[in-house]
Amino acid sequence: MFILDANAQHELAHYLTEKQWLSPEDAIISLSKAGQGNMNYVLRVTTNQGSFIIKQSRGYVEKYPQIKAPEKRVLTEAAFYAKIGTVERIKKRMPELLGLDVSNNIMILEDLGQANDFNSLYDLNKVVSENEISVLVSYLNVLHQQFSKVKADDELDNLEMRKLNYEHIFNYPFLEDNGFDLDTIQEGLQTLAIQYKKDAFLKEKIELLGEFYMTKGHYLLHGDYYPGSWLQTTDGIKIIDPEFCYYGLREFDLGVFIAHLYLSNQSQNIIDKVKLDYYDFQDLDGSILNGFIGVEIMRRLIGLAQLPLQSNLNDKKRLLELAYKLITN
Ligand SMILES: Nc1ncnc2c1ncn2[C@@H]1O[C@H](COP(=O)(O)OP(=O)(O)OP(=O)(O)O)[C@@H](O)[C@H]1O
Ligand SMILES: [Mg+2]
């Protein structure tokens, strides 16, 4: 098994040459961390002739090695890239898949440049522009429409990744004794969270939403449509990291998207624009959509997958109350 390692440039050069991803005339100039990621090992390889991104998935979460994760997940991500290659409007919004090594769980991607992702939205002083919303919604419109199926089947079912996500969205955040002291994130957060963890009615609703998440659907979803998956490049907004993709309910992609607009304190006007620009909005199930929005807000505040949020305790209290209403109404 070849293990990707930023400190082993020589071994990587040898590996890449063997795979014919590096020509004998070319040489690696530098290796660096591609950006802020938690799940996988992702490097930018700069050579004499250009640069590319190399991503390896391992049997655990890179940031939390004690958490197991499906080792072959990068293969599903690559399958998504291969599939969307047929639709220009989606393809041009994503990096190109340049290579795949199935036995070592390694994928090579086009380098979109040292772009910032949209995580700076969590500083809470940035406004997403109407133009940016148009692009972000249009990506989902095309993805959901162009790859829909009349009959659900097993293609890209990504079940193991969904089970992992299920655990961290619908279960773990709501366990009273999950061993995660929220006061280490912010003093007082544990007390704020406890009332939700003890609320049987809320938990019943969340369990139902979890079942909807686990249900096969007719629509190809990105599966992790949040600011960390959006890059601001010199060639406009690009979308990356579809490792949680699957065929499911459109409400999930849209729900996660809208949840992060609330979390980053965007105006109601911007949130309404998402709903207005989404083609089939009237066909969606409003209560499932609101439920997914609410659960995503809650789990980002009281679950393990924390965001670099600048909100104070009072902001979080308000967001949790909003999320509660969205889930239970
Ligand atoms: N094709 C690309 N071009 C330029 N930068 C990239 C590219 N792919 C990834 N990056 C950078 O590397 C970072 C990590 O990549 P990615 O999100 O794919 O990894 P991950 O480990 O799956 O992350 P996460 O923990 O958010 O799931 C991105 O946030 C981005 O900054
Ligand atoms: Mg990822």
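For clarity, every value in this text was computed on a predicted model and none was experimentally measured.

## Points about the site of ligand 1
Neighbouring ligand 1 are 22 residues, the closest being Asn38, Met39, Asn40, Lys55 and Leu112. With respect to ligand 1, the backbone of asparagine 40 contributes an N or O atom lying 2.8 Å from an oxygen atom. Against a free-state accessible area of 620 Å², the protein chains account for coverage of 95% of ligand 1. By residue class, the composition of the shell around ligand 1 is nine nonpolar, six polar and seven charged.

## Some points on the layout of surface pockets
Looking at the second largest pocket, its volume works out to about 160 Å³. Lining of the second largest pocket is provided by 13 residues; of these, Lys91, Met94, Pro95, Glu96 and Leu97 occupy positions nearest its centre. Going through the elements one at a time, α2 (73–84) and α3 (88–91) are the ones with two or more residues in the lining of the second largest pocket. The element contributing the most residues to the lining of the second largest pocket is α2, with three residues. Residues of the lining of the second largest pocket, tallied by class, amount to six nonpolar, one polar and six charged.

## With respect to the domain arrangement of the protein
The domain architecture assigned to the protein consists of domain 1 (9–110) and domain 2 (116–328). Placing a centre on the C-alpha atoms of domain 1 and another on those of domain 2 gives a separation of 26 Å. Facing the 24 residues of domain 1 at the interface are 29 residues of domain 2. Both sides of the domain 1 and domain 2 interface together cover about 2200 Å² of buried area, and 69% of this is carbon and sulfur. Looking at the side of domain 1 facing domain 2, the largest losses of area belong to Phe80, Lys83 and Arg93, adding up to 31% of the total buried there. There are three salt bridges connecting domain 1 and domain 2. Between arginine 73 and glutamate 243 there is a salt bridge, with the nearest N and O atoms lying 3.6 Å from each other.

Reading the values: rules and limits
- Residues numbered from 1 in each chain as written.
- Chains lettered and ligands numbered in written order.
- Predicted model: local features only at pLDDT ≥ 70, side-chain atom pairs only at ≥ 80, totals over all residues.
- Heavy atoms only, no water.
- Near = heavy atom within 4 Å.
- Polar contact = N/O pair within 3.5 Å; in protein donor to acceptor, adjacent residues only side chain to side chain.
- Areas by Shrake-Rupley, 256 points an atom, 1.4 Å probe, with all protein chains shown as cover.
- Nonpolar A, V, L, I, M, F, W, Y, C, P; charged D, E, K, R; others polar.
- 1 Å grid on protein atoms, 1.4 Å probe; cavity = no way out; pocket = protein on both sides within 12 Å on 5 of 7 lines; lining within 4 Å.
- Points joined across faces, edges and corners; volume = space filled by probe spheres on them.
- Helix = DSSP H or I, 4+ residues; strand = E, 2+ residues; numbered from the N terminus.
- Domains from an automatic or database assignment.
- Contact = heavy atoms within 4.5 Å.
- Buried area = accessible area lost by both parts, 1.4 Å probe.
- Salt bridge = Lys/Arg side-chain N within 4 Å of Asp/Glu carboxyl O.

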